[in-house]
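# Notes for the structure review
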Amino acid sequence: MEFVSGYRDEFLDFTALLFGWFRKFVAERGAVETSLEGRWRQLEAQIRRLPQDPALWVLHVLPNRSVGISLGQGAEPGPGLGAGWLLGDQPPLHLRDLSPYVSFVSLEEGEEGEEEEEEEEEENGEEEGAGTEKVEPEEDGEPVHTSRESPQEANLPGQPEEAEQKEGGGENGCQDERAEDETGPKRRKGRRSDAAPLHLACLLLVTDEHGTILGIDLLMDGAQRSAGKGSWTENLAPRAYALLCHSMACPMGSGDPRKPRQLTVGDAQLHRELESLVPRLGVKLAKTPMRTWGPQPGFTFASLRARTCHVCHKHSFEVKLTPCPQCSAVLYCGEACLRADWRRCPDDVSHRFWCPRLAAFMERTGELATLPFTYTAEVTSETFNKEAFLASRGLTRGYWTQISMLIPGPGTPRHPRGSTPSRSLLLNGDPYQLLQGDGPVLMPPVPPDPPRGLFGSWQDYYTWRGLSLDSPMAVLLTYPLTVYYVITHLVPQSFPELNIQNKQSLKIHVVEAGKEFDLVMVFWELLVLLPHVALELQFVGDGLPPESDQQHFTLQRDGPEVSVRPGSGVSARLSSGTKEKGGRRDLQIKVSARPYHLLQGPKPDLVIGFNSGFGLKDTWLSSLPRLQSLRVPAFFTESSEYGCVMDEQTMAVAAGGGTSPPQPNPFRSPFRLRAADNCMPW
């Protein structure tokens, strides 16, 4: 598929942006450092002439003691850690696809005493333990530290040779440092290589007060368990000064070159060392260093990413990008890339073939953004800042981490991938616990009476459920409400002979499931909407964790309580918030970690797939004929009309059949997915 915006993990686009900018920074910094001091003066004069950014800029100093980077055979250390595999014609789609190239490992020394060390670090507030942590730059695997040991006397710009010797050659010296280090921890179980992991000793990060990342520098250290003193602390001021210069001349996040109105530094020693350097740029340095993580309570990293050219993949901080003048859907860096894409062979992959179709997709932008929520304009905008939206509402834990760029730290299992996951995380008896944020209760009590009619819109459902139109719950409830809409509207329309609405039990296969299983407890809402039906949801897909294969547990609604009963028969009691009328109904959950065509068992009543992307996995070429042979209703969602067209083409190749004309899902998620190389509404 040409466009993978709706299918690729957002974190990978963000990481590609960081690595791309970092490689460019390393190359240009080296060119300046090896030239005469006059080159520095020329760069400083250029920056002094830049327009002023009214926003405050922040230089963060983020030491890292516990997380290392282990490189596989597919990646080599060096500028950007050899991260060219993040871009290209076949970029990885999921974080798990990076495992042959790079992974994070703990640098805790040995297995003995490890638990004691982790407990001690937790008491000191140095890591978040089993919780999820904010990891915006992929390299920073640790929570923020705002202090460090004082560096030795820093060299000024124009003295690069001594600095490079002390730092082991910068990023290019990572191999030598790694080879010379003989005091690192023993290799932990599961490590893919005998080589010691790289230690990212410190991350220098430049942001504005709103959280837009403007520049990044990675300071590697050969001493993997540095206590604060080490090669990374030497000559920190010149490194930071070079980073500031490049961030102003070539800001990563967005916008034209500019200098800040004021700069604050998150480290007292570095603040003192920069007092004589920053004024050279015509920038005012704050009188005192920043003493907390963010200058504003609502500070969060922006999820805005620099765009890329669809053909050459260059970022907007490298080239100026403009959309195709005819369809306005695809971004190019210039006429050469546009012509190359226009003339591609075979013809059905060329932009000449797709241009009128993409123009039609663009015309649906307004229709897709027509939703009743108070925040609709914000979340459907092309400039939607998802991370800021979630953080401002305290949606940074539970299931909300599954839709953000929050990822677990090394060694932390990702919920709910384990044995009977919902049981372990719902000890207080609330089936909606994982849907909560840090603020008021988001889900009101279940209405005492079942629905009297069928819901066909978010407006109707929110009214009956007692939800305010300012509630963001639609982002998570899109999954069960979509299943509900298929059962109550689409199947009766297309297959009236099945009489599906009068069945007392339904067996539903959720195919190529991944995120849906990660959000398994949201499907509890189906029992609220369809109280007369006993439901069995079987999640199927080779993207599911192997340890969950053949897992089976039941959510039982028994009077005012709900129990989670795993296969062993052990149960945990959960409160549904109201006494149910009528007989008991269950929601059975089954897991099969395999492609759909290898699934054995009885035929389902219904098959559903979310954001399926038939053209992205070869297994669909076998699974689609299997689905066709079952002769059961099968409905799929996509995040764009483009995906629907690609599905139809794949269906024709795989099974000789077709798909029905696509229609907007009335229970679609309100969040717009931001695309890197195009402007289509995802």
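- As recorded by an unreviewed UniProt entry, the protein chain carries the name Zinc finger MYND domain-containing protein 15 and is attributed to Myotis brandtii.

## Topic: the overall build of the protein chain
- Of the regular secondary structure elements, the protein chain holds 19 helices and 19 strands.
- Considering only intrachain contacts with a sequence separation of at least 6, the fraction spanning at least 24 residues in the protein chain is 75%.
- When the accessible surface of the protein chain is totalled, it reaches about 29100 Å², and 48% of it is carbon and sulfur.

## Looking at helix α15 (residues 474-494)
- Spanning 21 residues, α15 covers only 26 Å between terminal C-alpha atoms, well under the ideal 30 Å at 1.5 Å per step.
- The axis of α15 is deflected most strongly, by about 40 degrees, at Val-486.
- Within α15, 18 of the 21 residues are buried, which leaves it mostly tucked inside the rest of the structure.

## So, the side chain of His-310
- Along the chain, His-310 falls in the loop between β8 (284-285) and β9 (322-323).
- Within the local environment of His-310, its side chain forms a polar contact with the side chain of Glu-2, the two groups lying 2.9 Å apart.
- In contact with His-310, not counting residues within four places along its chain, are Glu-2, Phe-3, Val-330, Leu-331, Tyr-332, Asp-341 and Asp-677.

## Description of unusual backbone geometry
- Look at the link from Cys-345 to Pro-346: it is a cis peptide, with omega at -5 degrees.
- In this fold, Pro-346 is placed in the loop between α8 (335-342) and α9 (351-362).
- Positive phi outside glycine occurs at His-313, with the angle close to 65 degrees.
- The topology assignment puts His-313 in the loop between β8 and β9.
- Residue Arg-631 is not a glycine yet carries a positive backbone phi of 55 degrees.

## Details of the packing of aromatic side chains
- Within this structure, the stated rule accounts for 29 aromatic pairs.
- Measuring from centroid to centroid gives 5.8 Å for Phe-353 and Trp-354, while their planes differ by 85 degrees, and the two rings are edge-to-face.
- Among the residues examined, Phe-353 registers a relative accessible area of 22% and is labelled partly exposed.
- Between Phe-455 and Tyr-484 the ring centres are 6.3 Å apart and the planes differ by 40 degrees, which places this aromatic pair in the tilted class. Separated by 29 residues along the polypeptide, Phe-455 in the loop between α13 (421-424) and α14 (458-465) and Tyr-484 in helix α15 bring together distant segments of the chain. Across the pair, Tyr-484 and Phe-455 agree in class, each one buried.
- Lying across the ring of Phe-353, Arg-357 places its NZ or CZ 3.8 Å from the centre.

## Let's talk about helix α19 (residues 641-655)
- Over its 15 residues, α19 extends 21 Å from the first C-alpha to the last, a length consistent with the 21 Å expected when each residue adds 1.5 Å.
- Those residues of α19 not exposed but buried are Tyr-642, Gly-643, Met-646, Asp-647, Thr-650, Met-651 and Ala-654.
- Where α19 is buried, its residues meet α9 and α18 (620-630).
- Positive backbone phi, approximately 75 degrees, marks Gly-656, located one or two places after α19.

## Things to note about the environment of Thr-488
- Looking at where Thr-488 falls in the secondary structure, it is placed in helix α15.
- Once the C-alpha coordinates of Thr-488 and Phe-455 are considered, the two residues, 33 residues apart in sequence, prove to be 8.6 Å apart.
- Beyond its immediate sequence surroundings of up to four residues, Thr-488 is in contact with Leu-454, Gln-501 and Leu-530.
- A distance of 2.8 Å separates a polar side-chain atom of Thr-488 from the backbone oxygen of Tyr-484.

## As for the environment of Pro-625
- Within the fold, Pro-625 resides in helix α18.
- Its relative accessible area of 29% is what places Pro-625 among the partly exposed residues.
- Considering only alpha carbons, one finds Pro-625 and Ala-654, 29 residues apart in sequence, at a separation of 6.5 Å.
- Not counting residues up to four positions away in its chain, the partners in contact with Pro-625 are Trp-620, Ala-654 and Ala-655.

## What about the nonpolar core?
- Counting residues in each nonpolar core, the largest one holds 71 residues, and the members touching the most others are Trp-458, Tyr-461, Met-473 and Phe-539.
- Looking at which element gives the most residues to this core, the answer is α15, with 13 residues.
- Apart from the residues lying within four places of it in its own chain, the contact partners of Tyr-461 are Met-443, Phe-455, Leu-467, Leu-477, Leu-481, Glu-525, Leu-529 and Phe-667.
- Within the second largest apolar cluster, 57 residues are counted, among which are Phe-22, Ala-240, Cys-245 and Leu-281.

Thresholds applied
- Residues numbered from 1 in each chain as written.
- Predicted model: local features only at pLDDT ≥ 70, side-chain atom pairs only at ≥ 80, totals over all residues.
- Heavy atoms only, no water.
- Helix = DSSP H or I, 4+ residues; strand = E, 2+ residues; numbered from the N terminus.
- Contact = heavy atoms within 4.5 Å.
- Areas by Shrake-Rupley, 256 points an atom, 1.4 Å probe, with all protein chains shown as cover.
- Expected span 1.5 Å × (residues − 1).
- Bend = angle between axes of the 7 residues up to and from the residue.
- Buried < 20%, exposed > 50% of the residue type's maximum accessible area, 1.4 Å probe, protein only.
- Polar contact = N/O pair within 3.5 Å; in protein donor to acceptor, adjacent residues only side chain to side chain.
- Phe/Tyr/Trp six-rings, centres within 6.5 Å; stacked < 30°, edge-to-face > 60°.
- Lys NZ or Arg CZ within 6 Å of the ring centre and 35° of its normal.
- Core = buried A, V, L, I, M, F, W, Y, C linked by side-chain atoms within 4.5 Å.

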